[in-house]
Each structure stands twice: as C-alpha cells, then as structure tokens.
Amino acid sequence: MGGLQKKKFERGSATNYITRNRARKKLQLSLPDFRRLCILKGIYPHEPKHKKKVNKGSTAPRTFYLLKDIRFLLHEPIVGKFREYKIFVRKLKKAYGKTEWSAVERLRENKPTYKLDHIIKERYPTFIDALRDIDDALCMCFLFSTFARTGKCHVQTIQLCKRLTVEWMNYVITSRSLRKVFLSIKGIYYQAEVMGQLITWVVPYQFSHDHPVDVDYRVMATFTELYTTLLGFVNFRLYNSLNLVYPPKLDSNAESEPKEESEDDYAMNSESYLEKLSALSASLARVVSSAEEEEAQLDHFPTEGIRSAQMEAREKELKQQEAQKKLFEGLKFYLNREVPRESLAFIIRCFGGQVSWDKSVCIGSTYEMTDETITHHIIDRPSVDKQYINRYYIQPQWVYDCVNAKVLLPVEDYFLGVTLPPHLSPFVEEKEGDYVPPEKLKIMALQRGEKTGNEQEEEEEEEEEEEEEEEQEEEEEDDNGDEEDDEEEVAEEKNLKKMEEQRSQGKVIFKVTPGKLKVENKARLEQEEKAEEKRLAIMMMKKKEKYLYDKIMFGKKRKVREANKLAAKRKAHDDAEKAKKKKARK
Amino acid sequence: MEDIALSFPDIRNTVGNIPVEWYKDFPHIGYNLDGKKIYKPIRNKDELDDFLDKMENPEYWRTVHDKQTGSDIVLSDDQVELVNRLERGLKISDVMIHPITNRPADKRSFIPSLTEKEKVSKLVHAIKMGWLKPRRVEDDGRGRYYDLWASEDSSILARHRMHLPAPKIPLPGHHESYNPPPEYLFTDEERALWEQQDPGDRKLPFVPRKYSSLRQVPAFSHFIHERFERCLDLYLCPRQRKMRVNVNPEDLIPQLPKPKDLQPFPTTQSLVYRGHSGLVRSISVSPSGQWLASGSDDGSVRFWEVCSSRCMKMVQVGGAVKSVAWNPNPSVCLLAVALDSVVLILSPSLADKQVILSSERLLSAQQEGEEPAEGNGSVVWSEAEGEELNQGVRLKIQHPKAVHQVVWHAKGDYLASVMPDNTSHLQVYIHQLSRRRSQNPFSRNKGLVQCVSFHPIRPYFFVATQRSIRIYNLVKQEMTKKLQANSKWISSMAVHPGGDHVICGSYDCKLSWFDLDLSTKPYKMLRHHKKAVRGVAYHRLYPLFASASDDGSVIVCHGTVYNDLLQNPLIVPVKVLRGHVMTHDLGVLDVTFHPTQPWVFSSGADATIRLFT
C-alpha cells in the first residue's frame, strides 16, 4: 500500500535553512563569537519565501541562515583562532589568580592573533568588488579616527583608522577623483569616482562625541577590524595604480622647506610624519617621477549615426570632468582659523588649488596670511578688522557650492556677512515632474553659460510659477467637470420641480426665457470622451492588476502632491519676504 | 646627616631632632648654643638659578642643602667616600685580611647545578617540540599590506553569484542640508506631526534645520547611532531578493473595443417621469413598448406613456407596491402587481380593443368552466368588485405571506410569486392564470429565496437564494444546475433572452455573469459599483445589459454573446448613467430596458423614473 510515508519538513525549503541557534550549536561557538564570525565572513540571514514551511509549521519569529552558508563557515580557519583565544584568556586568568607574573608575561607575549587577508580576498574576489563595498568601510574609519582615546576602543585602532583615512584622502587628492561634496546637518558628505565606482562617505564635524550608552562598541570594533584591513589593501592597490610609494611619502624635492622648520616640535618622528601627511598640503612621492599625467583621450572610431552621437556625449562629459578637475587651479586660498581646515584643504587640493593656514592651527602651512598673491580668503566670522584689497573674503560654502556646480560661482553672494544662498544637495537628480528649487534652476542656467540679470530671471520664474498654477487649476477644472454638469442638471431639475408645483397649484405661468447658446469646446469634448473611455476600461481591469495600477497611480499622485506642496510653501515664503521688503522700503 | 651637621659646631641648632616644618612660618630656624635665634638664610634661588648653578658650579654635585640650618654645605672628599660606602652597605672603613668564617666553599658552588640542567633541558625540549615559541616580532602594520588582488584570475564561486549585496545608504537630499531652501523646513504643524509620530513611521529621521553659517552647525547627536544601526543591518537584517515591478501603468489597462464602435446604447438622460411621492420600487414596460408601469411605496401604480412622460392612469391599490410585471404576451394587456400578501392582476385597458378583449377572455376562461380549483387552501383566488373593478383590478390572489416579487412566464399564462421566508418551504408559488390554479413546486426549504425567473424558451425555472442560483427543470421536476455566485447576498437576477447566460447582482457591489455552458462559477465578476447592486436587466434585442446600484448610477455594459460555443462572451462597459438623487442612502432601485429601442428606464428612491436614450 503506497510505499513509505513521506515525512513533513524533510525535504524542500525546510532543509535549506537553519535557525541561528542551531547554526551556533553546529559551529560550537558562543553567541559573541558567532556574531564576530558572521560579521567578518559577511554571512547574513535570509528571508525564506515561505516562512512557515521553513519554520516547520510554526509562526514564531526566527532568523534563518542558509545551511550552505553555515557549512561554509565550518571550514573557516579563523574559528580555530577564536578557540585559541578562548584558551588564552582562560590561561591568563589562571596565571593572574596564581599571581604568576612571569607566566602572565609569557602568555601575553604569545597572545594569539589572526589575519583577515584571506577573508578579504574571499569576500571580494576582484578589486572592483572591494571598491563597490568600500563606502561603509570609509564611513566607519572616518568615524573611528575622530574618537578620542577614551577607552571606547583600542588606541591602536584609532591610530590605524586615522592613518588609513589620511592615506585615502591623499590618494583622492593625487588622483583628483572627488566629484561632489555636501554640507549636511549630520556631517560632510564626499563623493569620489574611483575606477568608475562612485564612492560616498560621510565625515562627522570635528566635535567630541558624547558616546551613547545603547551602542554595542564590540560590534563596531569587529566591523572596524574588517574595514581597516580592507581599506589598507585597497589603499595599497590604489597607490600602486598611480605609481605612488606606499606607505605614502611626501615628495621630498617639492616641499622641503616647511618640513625642516617643524621637525623639532614633535617628539616622535613617525608621529610628525603622519601629522604632515594629514595636513594634506604636500604632494606625494612617486615611484617613477613622471613629469605629466597623460590625459585620457578618447580614440575616434569611424562609426555611424547613433553611436557617434553617444560618443559625442561621452566626450563632452569627459571634457566637463577634466574642466572640473582644474576648477581651482591658479587660485590661492587662505583658511582662517575658524573654518574646518581638513575638509576645505582636502577639497581645494582635490581641484588643484593652493591652500594655506595659520602656522599655529596645524603643521604644514605653506604661506603666510600676509602673502599678496592670495586670491581667496575663507573666513566664517561676521567681520574682520584688517582686510587686504586684492583678495576676496568669502564664506566657506562658496567652495562647496563651486564644486557641486562645476563652475566658479559669482563670489558676491558669499561675501563676509552676506546671507548665504541655500546649500543644495548635489545627490538629488530631479526627474520630470519633480519639484526643482529655484536656486537649482539658477545654477543650471549658470552651468549652461547663460548670464541673465537676477531680476529678469526672477520675473521669469514668477511667470513660470503662475503658469504652473493656471495649469493646476485647469486640471482641477477637468476633474470637476462632471460634477459641474451634474450641478447644472440639478439646477434644471429644481426649475422643473418649481414649475410643476406651480402647475399643480393651478397657477400656470407661461414664460419664455431667453435660451443660452451652449458653446461646445471640441477639443475638450474629445478629451472628456477619452477620459471616460479610460475610466470604463479601468473598471474592467482584473483585481490583481487593478490593485497594482491603483498603487502605482497613488504613488504618482503622492509625488505630484508633494511637489505641489513644496512649490506652494516656497511661494508663500517668497510672498512673505516680498511683503517684508515692501514694508522696509516704506 | 647628623654627622655632617656635627662637623659645623659654630651654628649648632639646639632645637633637637624635630620636623623642620614646625618652623615654617617663622623667620628663624632654631636657636644656637647661646640661645640666639638662627635666622633662615635669605634664599631667593628659583629653578632657573638652580639650573644655572648645576651647569656652572663644578662643586654642585657635592653640595648638600641642610634643612636644619638652611644652608648649603659642600662635602669634603672624606665625607663623599663615606656616603659612597654607606650606599654600598659597608660600614666598616677597611677590608680586613682575615675572613670572619673559615668555612670552605661548597662543592655545589663549583659543579654545574642539576636542577638548572633539568630546567634548561625542559626548555630545550619545549622549544624542540614547538611548545615554546621565540618571542614574536611585533609588526606595526606598516609593511603588512600587499597587492592582494595581484592575481585576479581567482575563481568566482557560486556564493558570489548568489550574494545579495546590502543596499547602499540612500544619499541625502535637500532636506539634510545645513542651509536648505526655505520650503524644505518644517512648518509648526509638520513639526508637531513629526514629534507625534512613532520613530518608525517618520518620513525623515531628523528635523531639517537651517544655520546661517557653517560655524554654527553643531555635532549631530545621532551620528554614532546611525553608524551602529547600519552595522546591525549589515549582519542581522535578513535579506531577500525582491523583484521590483517596473510596468507602465497604461499597459495594465486592458485593450477594449471603443464604446463608440459598440453603439447603440443609451447615453443621455432624456425624460424624467414625475408623479410618485414615495420611492419607486419596480417598473415594467409593456411588450409593445408604448407603456410603462411603475409601483411605488406611496401605494399607487402609475401607467406612463413612454414617449411623452405623461401619466395616463393611476391606480390606488392601498399598500406599498413591491413589484410590478407586465404580461410579456403581446396579445394580452395585463399587469401583475405585488403588494403585501396579495398579487393583483390589473387590466389597464391601454391597448386596442382586440387586445383588451383577448385579455378579458383569458381572465374569464376559467369562470365559464368549472368551479375554481381547490388549490392548496392557502392561496385564494378572488374576483375584484366594485370600485376596484372600475379601476381595472380583475383578480386578487391572496397569499399566506407577504409577496416580494412577481414574474411572468414568456407565454404569459404562468405567473410566479416569491414570498421570502427562512423557515418554511412555502416560498415560491407558480400560478396558472387560465385555470386559476396555484402550486408550490418545492417541498423543501433550500434557503431564503431572493428572486425567481422563467427561462425565456425552455421549461426551466431559476431560483436565486441568498448565495446561489438553482435551475430546475419544470418538466422533469428536478434540479439541473446550481450556480455559485461567490457573493454574500444576491439581490437580483436576469436571464439572457437566449437563455444560456444569467447575470445576478448582489448587495456586496458585485455583478456576476454566468455562462451556463461554461461552468457553474461566474464567468466574470464585475465590481463596477461602489454600493449595493439593486437591479439588473438584459435587453431583449440588443447585446446590452444594465445594473442599477445604490450609488445612484446605472452602468450599461455591452455583452455580446456568440453563437460559437468556443468563444466567450465579450463584456465591455460602455456608459455610466447618472441622474438619480440619493435619498435615504438609496439610489436606483430598479432598471429595465425598452423592448425594442436601446433605451433604459430606471426608477429611484427620489420618486422619479428616468429614461436614458
């Protein structure tokens, strides 16, 4: 009779997944060790398609790992290191208990360590893979490098992070690959294009952190361990690709003078070297001293029609990029002491500008404030006593806005004590129908090379806005069209009823009222007909498709609503400003 | 120190061996032998002087400061020797030539130690076995990086192909700027709303702020938190590959034939029939298409001329009329009216003489014959008399319970009435007019009967109960089919003139189309209405059907039925007709088509009947 009985949950998806607890037992690891292993190896839980099936009929909330992943972890040599470490801790404890100091010393000397090289190689089989995943590593390292030595993590880690981030920034400067910067309320966002990959990272503002209590620093430390290794290897490779010496060395022939001066101020030579590197003011030594960087020139291929158009677009883009790279070339900046030195120095050097600061702010300044050739003095205070006439005193936002606009913006809006124009995010790419702030339109016009007077532009904007409003109203009218018709009918009916009543009461009043000629708009009629057709077709949709359609349309409508809301808000604000101005004039 | 002090008797201090601090606040330090105060030397040596002294004075190293007298003393050579010897722990001034003890040295002091040898050999063994490792050379990490990806040939494992990379953190928008455009800042309301919301529901995890200059921007308090949460997401959050639907919404709309191509169908409201004062529950058009009968809650049945909207006749029946039905036989002119528990047969005499005569003949056919049939006893047939006869009422069929619906057979001789009742099997009666006979076809209660209908051609009888429609063969006296309507409560039903299709409307806003040849499940469910569907109707000639609903609209659909069995009916909604005013949450109550023209009549709760052409 029918062979063996099939048991439930012994085949199919139930056998492909394993719960976390079972995985931990299989690996014979404690929870912290398991966590560390997962972080290092990049193992993450999977959401099964049919959770109940995988959960063997239960609906309890569980996290599932792929069984294959866990099997893969079984062969990891680092698991052995974890066990060794556990034993080491046990031995150390014992030695302490017995107060055998020589044993403690010996044990400490032989503290088991592990390397993550093979894990990096395994997780990122190609260099591009590593670059794709470097965003988080950079964010984390930049954060850790700002930590004070308060015992939240090892001092060595902080130093290593500092070193690696400085190396990274030096690479970005040398390769001139920075693309976008953004001053947010969280920190400063940077976006660089390295080997075709867009890499974004955020650096917190230079303040001491108040460390939250509900953050597990062990998790962060494990991630940092992995990320520092990754970043180190990536840096090495990047430096090699540019023929730079790794670990980085300052170019000795170019920037020798300022180095000599400050040699004695620092106790340790290695420390001063890192400081000098992190000043970001000197260029790096190369393995082969090449005079000029060869520019990438697109070769011309004989192609037809469409392709050539594409090529042209690409060429144009490349040209623009080249221009952006030389944005600050020939400009000489001086940073006042209250502006964020590291960020500005980094950006200015990335786009070919020269930068210096007061000697007491940081090591590595190259020229004094009194230098007559300085073109831009970046300053962030309401007023300054002594001004040189041959330089612009501008606020730091100018630098960031210039980078994002890819052109040198007019400096008038950024002078000392002037109310700054809004700082826009360069990461927003407006599609059709999205709200575009008027400032962005202005910048776009500048990029196109149009130079129109401000007032004229404003007027244009206003007109545009009005037009938009009209359109909106029209749309609304369209929506209301049917209702209006209904209303008319209702009114007619009312009239008829009245007449009927009168008739029933015996008062028959004959009255000829002049009729109105109904003007029928042909285009509108056609439109209405089409709209009705569509409405009827929508009625015939299948339930599933209707649901999807409704969802899409809801999303679209919400987008429009949000854009309209922003526009309305802006308009209200502008009107209020205008009214204020008028009042002030009176 | 004592010795040194003793060697200078001239300034001997007599205070004894007491802490010097006791004289801290006095100008003197103690008393000499003569009882005079010893004053503190005027000392203004500071660190710098001390340093200079150290550099320049060759005697500095043997200069000692005497705290007791407060003076500096330069030690003599002898005294220096003494100090050195004291430091070495030798108090005796000379080395004696004779030993203090004469014991010879132990043997163990000149032969190698066994225990040491044992220890060394243990260490050697441990080193040999690899248990003891030489001290590791600390590498500071400088040289530990190398070109990891030097050989990029490495196998791309299956795991890499299956890998779901974590999504990147979304890039910041204008909201996050330290100096955003004014429209991105919160208004007070938005701010209040943001504060009220649960942190998970918020659209933005932070409040946009504006700072007039960069130096005023404070540290972001949640920076570490956000990083930490990202870490948690990376290793704790279950990942799943989700397919994003990327469709053009216009593509989802089905391609239907244009309504323009499916004409004729009613498009505009052309006539309104006014006169009733209560809601008009039921309407019926005469087979000729000239007259329209309507029954209302105000207790009257009105006869209208279709083309002129003129009320030709009104019959007061004395009770809310539930249903009216015109005899479909064109050779007679009779109307069945259901009110309370009575079914009236009216002869409105709105036709030519021939027809009126034939209908009279039909009514009186039985009279001439034998006695009225005994029936079931519960249904009583009686003739109308007096005033009622004048008004046109000819027959009264008294039922045991309230009648909700009357329906004619296509031939015009049989008449079915419905008395919904959950508890008894007496729910449907079929009356034969010519023989004045009534019979209850069902012996068992199969659920609350909503409405019934005759098959237009064959001897079938459709009974709609609350959830299903049963089709009975009247000749064989058996059920042939049971249609599942998939709706909660059926309200109305109509049979296609071809007889192979049925539509039924339900109170849960649905209209189901059954193809009897296809299945017992609905071929199509139409959810066009927003509220309960009250009435449905087929056109006799044109491929049209209509549904009336409480939302005040009548939707006309085109429904072509093909003779080819392989081709399914084509259903296209062609027009939404509005006009009725909502009264007491009721909209349109009944709908019916003109027998020959593509016109549709609808009666509503606003006491009007409307004609759409």
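These figures come from a predicted structure and were not determined experimentally. Counting starts from 1 at the beginning of each chain's written sequence and moves along it residue by residue. All chains are assigned letters beginning at A, and all ligands numbers beginning at 1, according to the order in which they are written. Since the coordinates come from a predicted model, pLDDT governs what is reported: local features require at least 70, and pairs of side-chain atoms require 80 or more to be given and counted, while whole-chain, interface and lining totals use all residues. Note that water and hydrogens are dropped before the side-chain values are worked out from all heavy atoms of the structure.

1. Notes on the overall build of chain B
And step 1. On a plain count of helices and strands, chain B comes out with 10 helices and 33 strands.
And step 2. The globule rule puts the C-alpha radius of gyration for 613 residues at 25 Å, and the 58 Å found for chain B is more than 25% above it.
And step 3. Here the C-alpha coordinates of chain B stretch approximately 175 × 70 × 50 Å along the principal axes.
And step 4. In chain B, of all internal contacts separated by at least 6 residues, the share reaching a separation of at least 24 is 48%.
And step 5. Only the protein chains shown count as cover for residues, and the accessible areas themselves come from Shrake-Rupley with a 1.4 Å probe. Of the roughly 34900 Å² that chain B leaves accessible, carbon and sulfur atoms contribute 53%.
And step 6. Within chain B, one finds 77 positive and 70 negative side-chain charges whose respective centroids are separated by 8 Å. Runs of E in the DSSP output that reach at least two residues are strands. Runs of H or I that reach at least four are helices, and both are numbered from the N terminus. It is over C-alpha atoms that the radius of gyration is taken, and the globule rule equals 2.2 Å times the number of residues to the power 0.38. Contacts are assigned to residue pairs with any non-hydrogen atoms lying within 4.5 Å of each other. For the purpose of charge, His is not counted, nor are the chain termini; Lys and Arg are scored as positive and Asp and Glu as negative. Where a charge sits is defined by one atom per residue type, namely NZ (Lys), CZ (Arg), CG (Asp) or CD (Glu).

2. Some details on the sheet that holds strand β23 (residues 490–495) of chain B
Residue and element names in this part refer to chain B.
And step 1. Strand order in the open sheet formed by 4 strands is β23-β24-β25-β26, with antiparallel pairing between adjacent strands. At either end of the open sheet lies a strand with only one pairing partner, and these are β23 and β26 (524–526). Here the average twist between neighbouring strands, direction ignored, is 20°.
And step 2. The pairing criterion is simple: DSSP has to find at least two bridges between the two strands. Inspection of the sheet shows β23 paired to strand β24 (residues 501–506) by 5 bridges, in the antiparallel sense. Within the sheet, the bridge partner assigned to Ala494 lies in β24 and is Ile503. Lines are fitted to the C-alpha atoms to define the axes, a helix being fitted only along its stretch in contact, and any angle between axes, read from their N-to-C directions, falls within 0 to 180 degrees.

3. Quick look at the interface of chain B and chain A
And step 1. Counting residues at the interface gives 98 residues for chain B, matched by 124 residues for chain A.
And step 2. As used here, buried area is the combined drop in accessible area, with a 1.4 Å probe, of two parts when they are placed together. Looking only at chain B, the three residues that lose the most surface to chain A are Tyr145, Trp149 and Tyr235 of chain B, adding up to 9% of its buried area.
And step 3. For salt bridges, the criterion is a side-chain nitrogen of Lys or Arg within 4 Å of an Asp or Glu carboxyl oxygen. For the pair chain B and chain A, the interface holds 15 salt bridges.
And step 4. A salt bridge links Glu190 of chain B to Lys565 of chain A; the shortest N-O distance between them is 3.0 Å.
And step 5. Whenever a nitrogen or oxygen atom comes within 3.5 Å of another N or O atom, the pair is scored as a polar contact, on the condition that within protein one atom can donate a hydrogen and the other can accept it, and that pairs from neighbouring residues in sequence are kept only if both atoms are in side chains. Scanning the region where chain B abuts chain A turns up 34 residue pairs in polar contact (both at pLDDT 80 or more).
And step 6. Of all the secondary structure elements, the ones that give two or more residues to the side of chain B that touches chain A are α5 (158–162), α7 (223–236), α8 (249–252), β5 (269–274), β26 and β30 (570–578) of chain B.
And step 7. Looking at which element gives the most residues to the side of chain B that touches chain A, the answer is α7 of chain B, with 11 residues.

4. A look at the pairing of strand β7 (residues 291–296) of chain B
Residues and elements named next belong to chain B.
And step 1. Relative accessible area decides the class of each residue, using a 1.4 Å probe on protein chains only: under 20% of the type maximum gives buried, over 50% gives exposed, and in between gives partly exposed. With 6 of 6 residues buried, β7 lies mostly within the body of the structure.
And step 2. Because side chains alternate across β7, one face comprises the buried residues Trp291, Ala293 and Gly295, and the other comprises Leu292, Ser294 and Ser296, equally buried.
And step 3. Bridge count between strand β6 (residues 280–285) and β7: 5 bridges; the pairing is antiparallel. Bridged to Val280 within β7 is Ser296.
And step 4. From the end of β6 to the start of β7, which pair antiparallel, there are 5 residues, and Gly289 there has a positive phi angle of about 90°.
And step 5. Bridge analysis of β7 against strand β8 (residues 300–305) gives 5 bridges, and the strand direction is antiparallel. Bridged to Ala293 within β8 is Phe303.
And step 6. Once β7 ends, the chain turns through 3 residues before running back antiparallel as β8, passing Gly299 with a positive phi of about 85°.

5. A word on a negative patch on the surface
And step 1. Patch rule: a residue counts if its relative accessible area is over 30% and it has no salt bridge; like charges are joined within 9 Å, and nonpolar side chains (Val, Leu, Ile, Met, Phe, Trp, Tyr) within 5 Å. Where like charges cluster on the molecular surface, the negative patch consists of Asp46, Glu47, Asp49 and Asp50 of chain B.
And step 2. Since its relative accessible area comes to 43%, Asp46 of chain B is described here as partly exposed.

6. Observations regarding the packing of aromatic side chains
Residue and element names in this part refer to chain A.
And step 1. Note on aromatic contacts: the rings of Phe and Tyr and the six-membered ring of Trp form a pair at centre separations within 6.5 Å, being stacked when their planes are under 30 degrees apart, edge-to-face when over 60 apart, and tilted otherwise. Applying the stated criterion across every chain, the model contains 41 aromatic pairs over all chains.
And step 2. Centroid distance Tyr96 to Trp101: 5.6 Å. Interplanar angle 75°. Geometry classified as edge-to-face.
And step 3. Measuring from ring centre to ring centre gives 6.4 Å for Phe333 and Trp398, while their planes differ by 40°; the resulting arrangement is tilted. Here the residue Phe333 occupies a position in strand β6 (residues 332–335), and Trp398 occupies one in helix α16 (residues 397–405), the gap between them amounting to 65 residues.
And step 4. Residue classification places Phe333 among the buried residues on the basis of a relative accessible area of 0%.

7. Comments concerning the pattern of salt bridges
And step 1. What the rule picks out here adds up to 46 salt bridges over all chains.
And step 2. Its salt-bridge partner being Glu76 of chain A, residue Lys41 of chain A comes within 2.3 Å of it at the nearest N-O pair. Remark: Glu76 of chain A occurs in the loop between α4 (67–74) and α5 (77–97) and Lys41 of chain A occurs in helix α2 (residues 31–41); sequence separation between them is 35 residues. Each member of the pair Lys41 of chain A and Glu76 of chain A is classed as buried.
And step 3. Residue Asp77 of chain B is joined to Arg62 of chain B by a salt bridge in which the shortest nitrogen-to-oxygen separation is 2.7 Å. With a gap of 15 residues between them, Asp77 of chain B in helix α3 (residues 77–88) and Arg62 of chain B in the loop between α2 (47–56) and β3 (63–66) connect regions that are remote in the sequence.
And step 4. Asp77 of chain B gets classed as exposed once you look at its relative accessible area, which sits at 52%.
And step 5. When salt bridges that share partners are traced, they join Glu439, Arg570 and Asp574 of chain A together with Glu183 of chain B into one network.

8. Focus: a nonpolar patch on the surface
Residues and elements named next belong to chain B.
And step 1. Together, Leu48, Phe51, Leu52 and Met55 make up a nonpolar patch on the protein surface, roughly 410 Å² of accessible area in all.
And step 2. By secondary structure assignment, the location of Phe51 is in helix α2.
And step 3. The partly exposed category is assigned to Phe51, whose relative accessible area is 44%.

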